[in-house]
Amino acid sequence: MKKTDLCYQTYVDILHRELVCAMGCTEPIAVAFCAAKATTLLANVPDKVIIEASGNIIKNVKSVIVPNTGGRKGLETAAAIGIIAGDASKELEVISSVSEMDKIKLAEFMDSASFSVKPLISDQLLDLIIHVWAGEESASVRISNEHTNIVEMKKNGSIIYKKEHDSVEPAKKEIPLDYSLLSVEKIYDFATTCNLDDVRELLNRQISCNMNIAKEGLMHSYGANIGKVLLNAGGYSLRAKAKAYAAAGSDARMSGCEMPVVINSGSGNQGMTASLPVIVYAREMLVSEDRLLRGLLISNLITIHEKTSIGRLSAYCGAVSAGAGAGAGIAYVCGGNLDDIAHTIVNALAITSGIVCDGAKASCAAKIAMSVEAGILGYEMFKNGQQFYAGDGLVMKGVENSIKNFGHLGSVAMATTNEEIIRMMTKGDC
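Here the structure is a predicted model, which is why all the values come from computation and not from measurement. (Residues numbered from 1 in each chain as written. Predicted model: local features only at pLDDT ≥ 70, side-chain atom pairs only at ≥ 80, totals over all residues. Heavy atoms only, no water.)

Visitor: Help me out: how do you make sense of the packing of aromatic side chains in this one?
Guide: The geometry of an aromatic ring pair is captured by the separation of the ring centres together with the interplanar angle, meaning the angle of the planes. For the structure shown, the criterion picks out three aromatic pairs. When the ring of Tyr8 is compared with that of Phe190, the centres are 5.2 Å apart and the planes differ by 75°; the resulting orientation is edge-to-face. Within this pair, whereas Tyr8 is found in helix 1 (residues 6-18), its partner Phe190 is found in helix 6 (residues 184-193), the two being separated by 182 residues in sequence. Since its relative accessible area comes to 0%, Phe190 is described here as buried. Consider the rings of Phe109 and Phe115, whose centres lie 5.7 Å apart with planes at 85°: the pair is edge-to-face. (Phe/Tyr/Trp six-rings, centres within 6.5 Å; stacked < 30°, edge-to-face > 60°. Helix = DSSP H or I, 4+ residues; strand = E, 2+ residues; numbered from the N terminus. Buried < 20%, exposed > 50% of the residue type's maximum accessible area, 1.4 Å probe, protein only.)

Visitor: Looking at this structure, I do not really get the pairing of strand 5 (residues 137-144). What am I missing?
Guide: It is a general feature of regular strands that their side chains alternate between the two faces of the sheet. The element strand 5 is largely enclosed, with a buried count of seven among its eight residues. Bridge count for strand 4 (residues 127-134) against strand 5 is eight bridges, and the pairing is antiparallel. Considered in strand 5, the bridge of Ala134 is made with Glu137. Alignment of strand 5 against strand 6 (residues 150-155), held across five bridges, turns out to be antiparallel. Counterpart to Ser140 in the pairing with strand 6 is Lys154. Taken together, strand 5 and the strand that follows it, strand 6, pair antiparallel across an intervening segment of five residues, in which Asn145 is found at a positive phi of about 75°. (Pairing = 2+ DSSP bridges.)

Visitor: Which parts of the structure should I look at to understand the state of the cysteines?
Guide: Formally, a disulfide is one covalent bond, and it connects the sulfur atom of one cysteine to the sulfur atom of another. Applying the stated rule across the entire model yields zero disulfides. No disulfide involves Cys357; its sulfur sits 6.3 Å from the nearest other cysteine sulfur, which is in Cys317. Unpaired in terms of disulfides, Cys364 finds its nearest cysteine sulfur in Cys357, a separation of 6.6 Å. (Disulfide = S-S within 2.5 Å.)

Visitor: It is not clear to me how the packing of helix 9 (residues 238-254) against helix 14 (residues 364-383) should be interpreted in this structure. Could you clarify?
Guide: Two quantities define a packed helix pair, namely the angle between the axes and the distance from one axis to the other. The contact between helix 9 and helix 14 brings their axes to 8 Å, and the two run at 155°. With respect to helix 14, the element helix 9 is oriented roughly antiparallel. By crossing handedness, the relation of helix 9 to helix 14 is classed as right-handed. For the pair helix 9 and helix 14, contact is made by Arg239, Ala242, Lys243, Ala246, Ala247, Ser250, Asp251 and Met254 and by Cys364, Ala365, Ile368, Ala369, Val372, Glu373, Ile376, Leu377 and Glu380, respectively. Residue composition of the contact of helix 9 with helix 14, by class: 11 nonpolar, one polar and five charged. (Axes fitted to C-alpha atoms, helices over the stretch in contact; angles between N-to-C directions. Parallel < 35°, antiparallel > 145°, perpendicular 65-115°, else oblique. Left-handed = near helix turned anticlockwise from the far one by under 90°. Contact = heavy atoms within 4.5 Å. Nonpolar A, V, L, I, M, F, W, Y, C, P; charged D, E, K, R; others polar.)

Here it is as structure tokens:
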């Protein structure tokens, strides 16, 4: 693919937009960011906080530990740490600089301030409003569609900033990116021909951050220790290591580990799933660093492509898309071509697309392991002359048609499932 091709620069821009650093599960971090931003509009620390959150936000904050809070969970905790110690300018790393004194202040603040949580009825699956009061002074910030996408700010009841639907904040001078330009064939073309200097720093950061948290998860006790279980049960085989590293990163992250990860499509779990198995395979097989980077381009962009039609949050587990992306990246690292990659994706999606998202928590690591297994199996199937064909369930002729079908499943067909999952998880909570 030539640099002058519209797809080339679009893909580079998409990667820079999607592969960003975040500390902690992105939904509670979005709450912390929103609360920190609202607090900047006040002269004093709030004494009253109301959190209005869409069901998917509530679902994904309910059971996951918020970093730098001493093991606390929940929307109130996420908002409180953002208010007490958040730096809104750091966006998804908003609570990365919390001190020990801040943690003491957090407990005191949560005891003294008034908190309430209300469900937010919205067409957006990711929607959040945080209202704060300090005496007679008030402020509110609304985030919608993406984790740091501020669409409205109010102070003392008056709108001081409003972002119209699909508009772009002038200060950022962003050009809307056309994700419809993504396709498996073009992704393969870009990944195998691009100038790696355009993405090298970005991918090296992903390798460094995500490998570090995976090693942390394997070295210490986090959650259900799925990563360690996989290594012990799998005899430290390459297949076991690929699953274990991805799972161990999630073990740590879901349990409040304070190390950053490079996310994909708004999710750290997806970022680790799409990257760590490819890294493990590439290093075990002693392929060149450049081939590893190109494999990561394939895995990341395939994941983004699959997630585009599903959306940031859904009843469809995001690890499924990332596991198929990882399988595609592994196929390339192992010498596979476009045909191998396309069939790997379809095979993998056909295997694990029944996994539902019931919130961020310790069991995400196990779902990641199963999704990576599907990606590897999907590649090994085709390598051994086996594949799923059009008419096998939701599989259609052609990889793009299959991705479209599974995307429809995640975004439309499972919408009612998502509502029911949220109802079951939050019954009696708010």
